[in-house]
Amino acid sequence: GGGGGTMVLRVLVLVAKGADECDVGSFCSILSYPGLKDAQHKLDVYTCGVSTTVKCAWTLRVTPDVQAAAAQPANYDALCVCGGVPDRGYFDDAYSAAFGGVITRFFNAGKLIGATGNGVLA
């Protein structure tokens, strides 16, 4: 109904070991950019990983807001999968059951899924 309230869209950003910092930064900062929001729309961005600290390809470390095993599609509107650098361990996480399980749950729930680079291979 037209109650005039704010619509909050919740986006989960899935980050693997060896993720490209540019991908992580793009998803997390661009989606959080104030210019994308107005009085009727708000985007909340959350990170997700298979470990308590995810070391990206170079220097960035991410402390996920939610662990992959606990990520439930009902709590989010969309999933973003970051690409990464293979020789920095990207596919160790990206091809893991926990990482793939997040993608499968979102797909089965009919959620919007976006990916950058080789994140489409996960």
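For the structure, check the block above.
Reading guide: rules and limits
Residues numbered from 1 in each chain as written. Predicted model: local features only at pLDDT ≥ 70, side-chain atom pairs only at ≥ 80, totals over all residues. Heavy atoms only, no water. Helix = DSSP H or I, 4+ residues; strand = E, 2+ residues; numbered from the N terminus. Expected span 1.5 Å × (residues − 1). Buried < 20%, exposed > 50% of the residue type's maximum accessible area, 1.4 Å probe, protein only. Contact = heavy atoms within 4.5 Å. Phe/Tyr/Trp six-rings, centres within 6.5 Å; stacked < 30°, edge-to-face > 60°. Lys, Arg positive; Asp, Glu negative; His and termini not counted. Salt bridge = Lys/Arg side-chain N within 4 Å of Asp/Glu carboxyl O. Polar contact = N/O pair within 3.5 Å; in protein donor to acceptor, adjacent residues only side chain to side chain. Core = buried A, V, L, I, M, F, W, Y, C linked by side-chain atoms within 4.5 Å. Patch = residues over 30% accessible without salt bridge, like charges linked within 9 Å, V, L, I, M, F, W, Y side chains within 5 Å. Areas by Shrake-Rupley, 256 points an atom, 1.4 Å probe, with all protein chains shown as cover.

1. A few points about helix H3 (residues 97-108)
Since the α-helix packs 3.6 residues into each turn, any two residues three or four apart lie on the same face.
Next, step 1: Along its twelve residues, H3 runs 16 Å from first to last C-alpha, staying within 8% of the 16 Å computed at 1.5 Å per residue.
Next, step 2: Regarding H3, the residues found buried are Phe99, Gly100, Gly101, Val102, Ile103 and Phe106.
Next, step 3: Residues of H3 that are buried sit in contact with strand E1 (7-14), strand E2 (41-49), strand E6 (78-81), helix H2 (90-94) and strand E7 (112-115).
Next, step 4: Gly110 occupies a position one or two residues after H3 and carries a positive phi of about 75 degrees.

2. Some thoughts on the environment of Lys17
Next, step 1: Relative to the helices and strands, Lys17 is located in the loop between E1 and helix H1 (21-32).
Next, step 2: Taking C-alpha positions, Lys17 is 8.9 Å from Thr53, a pair spaced 36 residues apart along the chain.
Next, step 3: Excluding residues that lie within four positions of it along the chain, Lys17 makes contacts with Val54, Lys55, Arg88, Gly89, Tyr90, Asp92 and Asp93.

3. Focus on the packing of aromatic side chains
Next, step 1: Applying the stated rule across the entire model yields four aromatic pairs.
Next, step 2: An aromatic cluster is present here, built from Tyr46, Tyr76 and Phe106 joined pairwise through their rings.

4. Points about the side chain of Asp93
Next, step 1: Relative to the helices and strands, Asp93 is located in helix H2.
Next, step 2: Among buried charged residues, Asp93 stands out as having no salt bridge; its nearest opposite-charge side chain is Lys17, 5.1 Å away.
Next, step 3: Residues within four places of Asp93 in sequence aside, it is in contact with Ala16, Lys17, Val50 and Phe99.

5. Quick word on the environment of Leu9
Next, step 1: Checked against the element boundaries, Leu9 lands in strand E1.
Next, step 2: Expressed as a C-alpha distance, the spacing of Leu9 and Lys42, which sit 33 residues apart in the sequence, is 6.1 Å.
Next, step 3: Setting aside anything within four residues of it in sequence, one finds Leu9 in contact with Lys42, Leu43, Asp44 and Asp77.

6. Section: the side chain of Asp23
Next, step 1: Along the polypeptide, Asp23 turns up in helix H1.
Next, step 2: No salt bridge is formed by the buried Asp23. Its closest oppositely charged neighbour is Arg88, at 14 Å.
Next, step 3: Separated by 2.7 Å, the side chains of Asp23 and Thr116 make a polar contact.
Next, step 4: Discounting chain neighbours no more than four positions away, the residues touching Asp23 are Cys82, Gly83, Gly84 and Thr116.

7. Let's talk about the nonpolar core
Side chains that are nonpolar tend, in soluble globular proteins, to be buried together.
Next, step 1: The biggest cluster of nonpolar side chains holds 16 residues, and the ones touching the most others in it are Leu12, Leu14, Cys48, Leu79, Val81, Phe99 and Val102.
Next, step 2: At the level of secondary structure, the elements contributing two or more residues to this core comprise E1, E6, H2 and H3.
Next, step 3: It is H3 that contributes the most residues to this core, four residues altogether.
Next, step 4: In this structure, Cys48 is in contact with Leu12, Val13, Leu14, Val15, Pro64, Val66, Gln67, Ala68, Ala71 and Val102, ignoring residues within four places of it in sequence.

8. Examining a nonpolar patch on the surface
Next, step 1: Side chains of Tyr95, Val120 and Leu121 sit close together on the surface and give an oily, nonpolar patch of about 340 Å² of accessible area.
Next, step 2: Note that Val120 resides in the segment after E7.

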